Amino acid sequence: MSDRYLTMAKTFFGTSHPLFNAFGVEVEEVGKGRAAMSLSCRPTLCDRHGGLHRGVVVTLLDTNCGLAIFSRLGDMRPIATIDLRVDFIRPVPAGEGIYSEVECYAVRGDIAYVRGQGCAYSDHNLLATVFGSFAVGTLGPAFDSAMKGEGKV
Amino acid sequence: MALNKAQKEMLENTPFVEFLGLEALTSDEGFSCRLCFREQHIGNPLLRTFHGGILASFAEITAALYLMESLDLVEEPSCSSMTFDYLRPAFAGTIRAEPCIVRAGRRFVVVSVDVYLDKTLVSIGRFIYSR
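Residues numbered from 1 in each chain as written. Chains lettered and ligands numbered in written order. Predicted model: local features only at pLDDT ≥ 70, side-chain atom pairs only at ≥ 80, totals over all residues.

Per an unreviewed UniProt entry, chain B is named Thioesterase domain-containing protein, and its organism is Alcanivorax xiamenensis.

Visitor: Could you clarify how one ought to interpret the overall build of chain A in this entry?
Guide: A tally of regular secondary structure across chain A gives 4 helices and 6 strands. Each helix (α) and strand (β) of chain A, taken in turn from the N terminus, gives the series α-α-β-β-α-β-β-β-β-α. On C-alpha atoms alone, chain A measures out to a radius of gyration of 15 Å, which is about the 15 Å that the 2.2 N^0.38 rule sets for 153 residues. The buried share of chain A, reckoned over its 153 residues, is 47%. Of the contacts formed within chain A by residues at least 6 apart in sequence, a portion of 69% connects residues at least 24 apart. (Helix = DSSP H or I, 4+ residues; strand = E, 2+ residues; numbered from the N terminus. Rg over C-alpha atoms; globule rule 2.2 N^0.38 Å. Buried ≥ 20, exposed ≤ 12 C-beta atoms within 10 Å, placed from the backbone. Contact = placed C-beta atoms within 7 Å.)

Visitor: What is the right way to read the packing of helix 1 (residues 5-13) of chain B against helix 3 (residues 52-70) of chain B from this model?
Guide: Any two packed helices are characterised by the angle at which their axes cross and by the distance between the axes. Residue and element names in this part refer to chain B. Axis separation between helix 1 and helix 3 bottoms out at 9 Å; the angle between their running directions is 160°. By the angle class used here, helix 1 and helix 3 are roughly antiparallel. The way helix 1 lies across helix 3 gives a crossing that is right-handed. Packed against helix 1, whose contacting residues are Ala6, Gln7 and Met10, the element helix 3 presents Leu65, Met68 and Glu69 at the interface. Here the residues of the contact of helix 1 with helix 3 sort into 4 nonpolar, 1 polar and 1 charged. (Axes fitted to C-alpha atoms, helices over the stretch in contact; angles between N-to-C directions. Parallel < 35°, antiparallel > 145°, perpendicular 65-115°, else oblique. Left-handed = near helix turned anticlockwise from the far one by under 90°. Nonpolar A, V, L, I, M, F, W, Y, C, P; charged D, E, K, R; others polar.)

Visitor: Looking at this structure, how should I read the UniProt feature "domain: Thioesterase" (unreviewed entry) in chain A?
Guide: Per the UniProt entry, the sites bearing "domain: Thioesterase" (unreviewed entry) are residues 49-118 of chain A in this numbering. Here residues 49-118 of chain A runs as 29% helix and 41% strand, with 19 Å between its end C-alpha atoms. (UniProt positions renumbered as here; feature names shortened; annotations may be inferred.)

Visitor: Can you walk me through the interface of chain B and chain A in this structure?
Guide: Where the parts come together, the accessible area they lose is often given as the size of the interface. Listed as interface residues are 30 residues of chain B and, on the opposing side, 31 residues of chain A. Elements that contribute at least two residues to the side of chain B that touches chain A include exactly helix 2 (15-20), helix 3 and strand 3 (78-86) of chain B. Per-class residue counts for the side of chain B that touches chain A are 15 nonpolar, 12 polar and 3 charged. The pairing of strand 3 (residues 79-88) of chain A with strand 3 of chain B spans 5 bridges and is classified as antiparallel. Of the residues in strand 3 of chain B, the one forming a bridge with A:Asp83 is B:Asp85. (Pairing = 2+ DSSP bridges.)

Visitor: Please clarify how helix 3 of chain B should be interpreted in this entry.
Guide: Each α-helix turn comprises 3.6 residues. Residues three or four places apart therefore point the same way. Residues and elements named next belong to chain B. Counted at 1.5 Å a residue, the expected span for helix 3 with its 19 residues is 27 Å, and the 27 Å between its end C-alpha atoms agrees. The buried fraction of helix 3 is high, at 17 of 19 residues. Directly after helix 3, the chain includes aspartate 72, whose backbone phi takes a positive value near 55°. (Expected span 1.5 Å × (residues − 1).)

Visitor: So what exactly am I meant to see when it comes to the packing of helix 3 (residues 54-73) of chain A against helix 3 of chain B here?
Guide: One can describe the packing of helix 3 of chain A onto helix 3 of chain B by two numbers: an axis separation of 8 Å at closest approach and a directional angle of 155°. Classed by the angle they form, the pair helix 3 of chain A and helix 3 of chain B counts as roughly antiparallel. Helix 3 of chain B is crossed by helix 3 of chain A, and the crossing has right-handed handedness. In contact with A:Gly55, A:Val58, A:Thr59, A:Asp62 and A:Thr63 of helix 3 of chain A, helix 3 of chain B contributes B:Gly52, B:Gly53, B:Ile54, B:Ala56, B:Ser57, B:Glu60 and B:Ile61. When its residues are assigned to classes, the contact of helix 3 of chain A with helix 3 of chain B shows 4 nonpolar, 6 polar and 2 charged.

Visitor: What's the story with the pairing of strand 2 (residues 30-36) of chain B in this structure? I'm lost.
Guide: If a strand is regular, its side chains alternate between the two faces of the sheet. All names here are of chain B. Two strands pair when backbone bridges link them, and strand 1 (residues 23-27) and strand 2 are joined in this way by 5 bridges, in the antiparallel orientation. Each residue of the ladder has a partner; that of glutamate 23, found in strand 2, is arginine 34. Adjacent in sequence and paired antiparallel, strand 1 and strand 2 are bridged by 2 residues.

Visitor: Help me understand the nonpolar core in this model?
Guide: Inside soluble globular proteins, nonpolar side chains tend to come together where they are buried. Residues A:Val57 and B:Phe58 are the most contacted members of the largest nonpolar core, which totals 87 residues. A total of 12 residues in this core trace back to one element, the largest contributor, which is helix 3 of chain B. Among all residues touching A:Val57, those that are not within four sequence positions of it are A:Leu52, A:Val92, A:Ile98, A:Gly118, A:Leu127 and A:Ala128. (Core = buried A, V, L, I, M, F, W, Y, C linked by C-beta atoms within 7 Å.)

In structure tokens form, the structure reads like this:
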């Protein structure tokens, strides 16, 4: 993915998106059908033990799947999750951040297939795994159309 | 039927549950939860739909709350895995999650949750909990 697309991805997944801003999502790497993202522990996103809630894990993984697909396609045409499977291997330790990596390993017709995982930021302990399928070219304009229109990239 | 102590703990003292802002409803028709759209739930900002991860989180928390009531649990159950189907776009609005126990075994419990936007079924999730 070119630098321009990396910039667009970082812009889309950045502070102007209310959810990603609230989560503090960071785009770590994008390229060759893979993407990596991370987020640090924030009190508003925790469970009662001071660790990130598993709902936050799912949301990060789902988001990361989308970015991996954009990387594989080379553009940000509209996509939507068809199904997602997440296995929660370990709860997120208190105060720990998550580093997630997803690969879009196949696109066939209108379906993109992804697999990935989320690990503890500090010691890379496996926290959760994800498998999913996404519909490609769904309703609405491309995700980067607004950014292009506003001259952000 | 009023919420039990463990359910109240989860609803009132769990930061991420407050971030979502879901409400538990108990009526004659059974247990369900409701979530009113907030900007921080957004997935596709052009179509204005709920983010897939927010939908899954909402459904999983509903399943956990339902289990705490049905099995009279004193603490939150541990979800080991989930599978979630996105059937239709969940446009910004008020969504409702309706859980049911598929199987309560000795070691594992399986809960299915239907998520509705008004009368339209938008998602179905299945959550596995270890006892």
